[in-house]
Every structure is written in C-alpha cells, then in structure tokens.
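# Report on the structure
So you can see what is in the structure, the chains are spelled out below.
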Amino acid sequence: MAQIPNLDNAPVNLTSIREQSQKELINILKNVRGKKCLVIDPKLGDSLSLIIQTSILKEIFFPLHGVELRHLTADPIQSDCSKVVYLVRAQPNLMRFICSNVHDDISKGLQREYHVYFVPRRTVVCEKVLEEEKLHHMITIGEYPLYIVPMDEDVLSFELDLSYKECQVDGDTSSLWHIAKAIHKLEFSFGVIPNVRAKGKASVRIADILNRMQAEEPVNSTDMVVPEINTLILLDREVDMVTPLCSQLTYEGLLDEFLHINNGSVELEASVMGLQQEGKKTKVPLNSSDKLFKEIRDLNFEVVVQILRQKATSMKQDYTEMTTTTQTVSELKDFVKKLNSLPEMTRHINLAQHLSTFTSKPSFLGQLDMEHTIIEAQSYDICFDYIEELIHKQEPLGTVLRLLILFSVTNSGLPKKHFDYLRRELLHSYGFEHIAMLNNLEKAGLFKKQESKSNWLTIKRALQLVVEEPDTANPNDIAYVFSGYAPLSIRLVQHAIRSGWRPVEEILKLLPGPHLEIKRGGFSNSPSFDSLSGVSTSIAKIPDGRRALVLVVFVGGVTFAEISALRFLSAQEGMAYDLIIATTKMVNGQTLVETFMEKLG
C-alpha cells in the first residue's frame, strides 16, 4: 500500500520540496559509480518513504542506478558489492554500527569503498567516533541535506525525535540551527517571511539564527514581490506542556494514542482489518490521499462513529433500491461511484471498531475524568490520591507519568513533602533503575518541587481554555478536540493571527520563556504586511488567487489534536489565511514521556 501523501492540494508547492530531495538522493547515488550497496538507518528509511515510494525505490529507482538496499544493523553486510554507501542520521550509536560493519569486512579480508552521507549534515561528534575506531581515513564523508519531510499536504516534519529532551535536559541546542536552516531553505522557494512571532527560549533563538542566516546567505526578495508565506509563528513545546499530556479525542489523535501513527501509517494485526492472515501485521496508510480519512480525521471520535454508521446505512439502502427497482444508466453509474469508496469505508469502520475497544474501557474513561479535574484545578487532594493509587496498583508507567507531569505542570511543581513522597513511591513500585528518568523530568521542569505559586488558573481563565458543554458535532470552538479543553498552544496561535500578541502580553509573560514580534526582509513599510489584525483587506493576495499563508512551527513536537484545531481555525469564515504546520516530530503524551525514559544499568 502506498504511504506517500498526495501534495496536490497543499497551500504551497510542497511537491517542489519532495522533488528536490529526490534529485539530491539520485545525485548521491550517481556520484558513487558502479554497482553499490545502499545501507540506510531504519528510522531514516521511514522518512524516505514519504519522499519517494518504497515500491518505486525497489522496482525502478535502484536497478536503474545499480543499487542494492539494506537496513543498517550491527550485523555484517551480506552483499558482493565492492562499494557501500551509508545514509544515516548523525548519531554516535549509528557510527558504531558502521564501524562494526567495516571491522568485520577487514577481518574477512574484504576490500570495499565506503561512503557515509550524513542526514542532514555531518557532526564533529560522529566523525570523532570514526577517528577513535581508526577508520576515518577509509571513509569518504558527504551530506544529504534532508532538513524537511512533507508528512501531508499541510504538515512538515524536521524529523528531530529527541530535540525537546536534548534542549531541556542535555543542553544540546544543535537542533535549533537545524530548524532555522530548514525554514531558511523554505524561504529560498517561497520568499523571505516578513512577519515573525516567537514564544519560548528556543523559538526566540531560532528567530535570531534565521536572521543571521538571511544576513550571511540572503534570499533575493526582488524576484518575489509578495512572499508566499506571510507570517512565521514559532512556539516552544515548553510553553504548553499541558496539551500533549491530555488524551486526544479526535479520530486521528486517538489512532496515534492507541496504535501509534508512524510516518503516515499504522501497523496492526491483519485480523483487525478483516484480513484472513492469522498473526500477521498489515500497514494502513493514513493521509489526505484517502478522501474519507481527510473528511473525518479532525472530528471528535464520537462524531466519526455516527458518520460512518450513516454512510454504511445509506449505502445499504442504495444497494436494496438497486436490486429491487429498475435503474437508469445514470443511477447505476452513481451507485458504482459509491462502491469505489467501499474499501476506504471498510478500512475506517474496522479501525473505528478497534478504537472503540480502547475508548470504552473504564480505565481510559477514568483517566479522561482525572485529566479534566486536573485542568480545571478543582481539587488538589482528589488528584493526588488518584495518582497515588495508580502508583500502588502499578498501572502502566507511561499512564502514571502523564497524569503526574500534568498535575505538576498545572501546579508549578508539587510541595516538597508530596514531591519526595511520590518520587519515592514511584521508585519502589517501578524499580530504582528509573531514577535517571525522574532526574531528567526534574531537570526539564516537568516533575519538580514547587517554588512559586501556580499561574495556571489565571492563564486558564484569561484564555478561556475550559469550555463548558462543547458541541462536538457542530463545533464553534477549538475545545472540541479535547471535549471541553481548548489547547493553550492553539489559543496563542489564534491570538497571534487575529490581533497579534500585544492584547495578551500580560498572559504571555506568565508562560515560560521570552517572546518577540519582528518584521524582516525590507517589507516593514508595505501596507500588505501590516500586523495580523484579522482585517482581510490588509492581507496580501498571492497572484494565483490563493490565500496568504501562516507557517506555524512547533519546537519540541505537536499532537494530531493540535493540528486538527489549527485546521478548524483555518476553515472558519472570515479567516484570511491558510495554515501550514511544521514540527520537530509528531508527539502524544506517551511518546513525549518516553523520550525522557532512561534506565540505569
């Protein structure tokens, strides 16, 4: 099944980004003449499947350039090729795999030519590993500048899985340069972005690096009278850690929560999809190429179940009518058209049915109730007792940590007595090997001792984050994505687009990190690029009639529910912009917590 998303309806020409990446990969393979073995690190292979279809790679692309494909492991390379090309992310552990491969070849007396292409760029740390292993002189080093991967027609990923932990815990900010470089590359295609709004330490730093890049390697803006991207909004994940810790309630969000969406597809038991392949797994693609998925992905799951039921009933009625009455040729054609959508419908009915087995569990419903209790700051004692009970019952560690961090973040930490107690109980219940993880969480400010009074109640009220009795079927507010909680991150984007951040400046100061609003690229005198006042007359139209664009960048990850909320905003009447979302990675509460999990020993 194809995983590659269709980019035809993208607000800007994202196909050009994909084509450029394909061309750069072809050039790498052409540079190494003769038959060669291409060894890709598996995580990178998943990203490449969004750039070029795996089936095309294997059937046409590789034979054409004399290439065999392998995945990188510590095991020896089984190939008779005399040339080996490694395509890897710049990570020291992957360098050790490469060294293991080369040492194995040397021990067998094999003479090969080795090329290592770092994605997106080489690093001193990785080259040092090669030097320590005394292999640096045997390897030709290059770069494959894959800074950005189109995940769908309105979502881009920088594929930086660990950037949040690296910045918050390790003090490694190299990913911020990577993000700025990716945005700068976009500017070469779409023009200098004239308005920049940033909130958070990392985001403000990226804005600064971006300006330095423009000064050192300017994008020529004379060719482009109107830049296609009007505004860049940069937002640190640290600014809103509440949202990703909540359970997402949109269809796509729930698929990610329970089945984990990886590069636009989920892998699950074939039997779930009604396939008679006992014990086998099947991959189900999930992107906007699937018309039904595009229609229902951003809806609250309750509504999705109703829509699928209605569609199935309607099709059944059509079938009954067709078999019992005489049909005109035109009516038959309409019915056959509907039948063409049957595989998509069957797929989503199976997926929805499978999801329902999780969402109907008392443990999940109890977790939802507790999340809302914590967010509404109703009762500290009830929340504390609930988390304590989960720890003593040894419920899954990820579930416990999500609630514990949510509890800590909304209270600006826990009183020392409670912090010490819960920390001790966690280690007793789950093992002392988790002490490194708890230290990481404390360093990142996610589970810590309370040092000041919490601002959460003030922020919640000022930004109207809790909406009583939201209408999930016909939503009029972004709160529908969490059945009553409006994501703080998206409220900030909403304000940035409508009236700028000045009216909510006092609230911004209560959130982590500095903020800035700047104009750049020599457009400050142009009325078209006036502040985002929400007045459609001040919005610059793109020559081909499309609406102007806002690029929203999440530094540290974004959830599918937040993307749904942004799509909802973009579709509102009077909205003068299309939105494109870029992120370091797709996250949910579980995957975000897992990045901090390190075991000692």
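The coordinates are above.
These remarks concern the structure in this document. Fair warning: this is a prediction, and the values are worked out from it, not measured in the lab.

A few words now on the overall build of the protein. Per the secondary structure count, the protein includes 24 helices and 14 strands. Here the protein holds 601 residues, and 54% of them are scored as buried. A separation threshold of at least 6 residues defines the contact pool for the protein, and within that pool the share at least 24 residues apart is 78%. About 26,900 Å² of surface is accessible on the protein, with carbon and sulfur atoms providing 51% of the total.

When charged atoms on two side chains of opposite charge get close, those side chains can pair. Under the definition given, this model contains 31 salt bridges. Note that Lys43 and Asp161 form a salt bridge whose closest N and O atoms lie 3.8 Å from each other. Separated by 118 residues along the polypeptide, Lys43 in helix α2 (residues 42-48) and Asp161 in the loop between β7 (155-157) and α6 (163-170) bring together distant segments of the chain. Between Asp420 and Lys416 there is a salt bridge whose closest N-O contact spans 2.7 Å. With Asp420 and Lys416 both in helix α18 (residues 416-430) and four residues apart, this pair spans about one turn of that helix. Bridged by salt links that share partners, the residues Asp152, Asp154, Glu252, Arg297, Asp298 and Arg567 form one connected network.

Time to look at the packing of aromatic side chains. Following the criterion strictly, the structure yields twelve aromatic pairs and no others. Summarising the aromatic geometry, the rings of Phe258 and Phe358 are spaced 4.8 Å apart at their centres and angled 10 degrees between planes, so their arrangement reads as stacked. Here Phe358 lies in helix α14 (residues 342-359) and Phe258 lies in helix α10 (residues 251-259), a separation of 100 residues in the sequence. On the numbers, 5.3 Å between centres and 70 degrees between planes, the contact of Phe258 with Phe364 is edge-to-face. Residue Phe258 is located in helix α10, and its partner Phe364 is located in helix α15 (residues 362-375); the two are separated by 106 residues in the primary sequence. For Phe258, a relative accessible area of 26% corresponds to the partly exposed category.

A separate point is helix α23 (residues 560-570). The buried fraction of α23 is high, at eleven of eleven residues. Residues of α23 that are buried in the fold lie against β7, α9 (242-245), α10, α21 (488-498), β13 (548-555) and β14 (577-583).

Before going further, it helps to spend a moment on the side chain of Asn230. Mapped onto the fold, Asn230 is located in strand β9 (residues 229-236). Polar side-chain contacts of Asn230 include one of 3.2 Å to the side chain of Asn195. Polar contacts involving the side chain of Asn230 include one to the side chain of Thr231, which spans 2.5 Å.

With five bridges connecting them, strand β4 (residues 113-119) and strand β5 (residues 139-143) associate as parallel partners. Within the sheet, the bridge partner assigned to Tyr114 lies in β5 and is Ile139. In the classification by handedness, the crossover that spans β4, the intervening helix α5 (residues 124-132) and the parallel β5 is right-handed.

The next point concerns empty space enclosed by the protein. Within this structure, the stated rule accounts for five cavities of 30 Å³ or more. Its volume calculated, the largest cavity comes out at about 130 Å³. Around the largest cavity, the lining is made up of 15 residues, and of these Met151, Glu252, Gly264, Arg297 and Phe560 lie nearest the centre. At the level of elements, β6 (149-152) and α23 are the ones that each hand at least two residues to the lining of the largest cavity. Considered as a void within the structure, the second largest cavity measures approximately 50 Å³ in volume. Together, Cys246, Ser247, Leu249, Leu368, Glu371, His372, Ile375, Phe482 and Tyr485 line the second largest cavity.

Moving on, we come to the layout of surface pockets. One number sums up the size of the largest pocket: a volume of about 700 Å³. Along the walls of the largest pocket sit 33 residues, with Ala90, Gln91, Leu160, Glu166 and Ser174 positioned nearest its centre. Only α2, α5, α6 and α7 (174-190) provide two or more residues apiece to the lining of the largest pocket. Each residue belonging to the lining of the largest pocket can be placed in one class, and the counts come to 15 nonpolar, eight polar and ten charged. Here the second largest pocket is characterised by a volume of approximately 480 Å³.

We now examine the pairing of β14. Of all seven residues in β14, six are buried; the element is thus mostly enclosed. The pairing of β7 with β14 spans three bridges and is parallel. Residue Ser157 lies in a different strand from β14, and its bridge partner there is Thr583. The β-α-β motif built from β13, the intervening α23 and the parallel element β14 has right-handed crossover chirality.

On the accessibility criterion, Lys43 (19% relative accessible area) is buried. Filtering out sequence-adjacent residues up to four positions away, Lys43 remains in contact with Arg89, Glu159 and Asp161.

The description of two helices packed together rests on the angle between their axes and the distance between the axes. Two elements in contact, helix α16 (residues 380-392) and α18, have axes separated by 9 Å at closest approach and are oriented at 20 degrees. Relative to α18, the element α16 lies roughly parallel. Pair α16 / α18 crosses with left-handed handedness. Side by side, α16 and α18 meet where Tyr380, Phe384, Glu388, Leu390, Ile391 and His392 of the first sit next to His418, Tyr421, Leu422, Glu425, Leu426, Ser429 and Tyr430 of the second. For the contact of α16 with α18, the per-class residue count stands at eight nonpolar, three polar and two charged.

If you trace the five strands from one edge of the open sheet to the other, you get β2-β1-β3-β4-β5, paired in parallel fashion. Edge positions in the sheet fall to β2 (67-71) and β5, since each has one partner strand and no second. The sheet shows a mean angle of 20 degrees between the axes of neighbouring strands, taken without regard to direction. Two elements, strand β1 (residues 36-40) and β2, share five bridges in a ladder whose sense is parallel. Residue pairing across strands places Lys36 opposite Val67, the latter belonging to β2. Running at roughly 165 degrees to strand β3 (residues 83-89), helix α4 (residues 92-107) makes contact with β3 and β4 of the sheet.

A few words on the sheet that holds β9. Strand order in the open sheet formed by seven strands is β6-β7-β14-β13-β9-β8-β12, with mixed pairing between adjacent strands. Either end of the sheet is taken by a strand with one partner, and the two such strands are β6 and β12 (515-519). On average, each strand axis in the sheet is tilted by 20 degrees relative to the strand beside it, whichever way the strands run. Pairing of β6 with β7 involves three bridges; the strand directions are antiparallel. When the bridges of β7 are listed, Pro150 appears paired with Leu156. Contacts between α23 and the sheet are confined to β7, β13 and β14, with β14 contributing the most and set at about 165 degrees to the helix.

Rules of the game
Residues numbered from 1 in each chain as written. Predicted model: local features only at pLDDT ≥ 70, side-chain atom pairs only at ≥ 80, totals over all residues. Heavy atoms only, no water. Helix = DSSP H or I, 4+ residues; strand = E, 2+ residues; numbered from the N terminus. Buried < 20%, exposed > 50% of the residue type's maximum accessible area, 1.4 Å probe, protein only. Contact = heavy atoms within 4.5 Å. Areas by Shrake-Rupley, 256 points an atom, 1.4 Å probe, with all protein chains shown as cover. Salt bridge = Lys/Arg side-chain N within 4 Å of Asp/Glu carboxyl O. Phe/Tyr/Trp six-rings, centres within 6.5 Å; stacked < 30°, edge-to-face > 60°. Polar contact = N/O pair within 3.5 Å; in protein donor to acceptor, adjacent residues only side chain to side chain. Pairing = 2+ DSSP bridges. Right-handed = clockwise from strand over helix to strand, strands pointing away. 1 Å grid on protein atoms, 1.4 Å probe; cavity = no way out; pocket = protein on both sides within 12 Å on 5 of 7 lines; lining within 4 Å. Points joined across faces, edges and corners; volume = space filled by probe spheres on them. Nonpolar A, V, L, I, M, F, W, Y, C, P; charged D, E, K, R; others polar. Axes fitted to C-alpha atoms, helices over the stretch in contact; angles between N-to-C directions. Parallel < 35°, antiparallel > 145°, perpendicular 65-115°, else oblique. Left-handed = near helix turned anticlockwise from the far one by under 90°.

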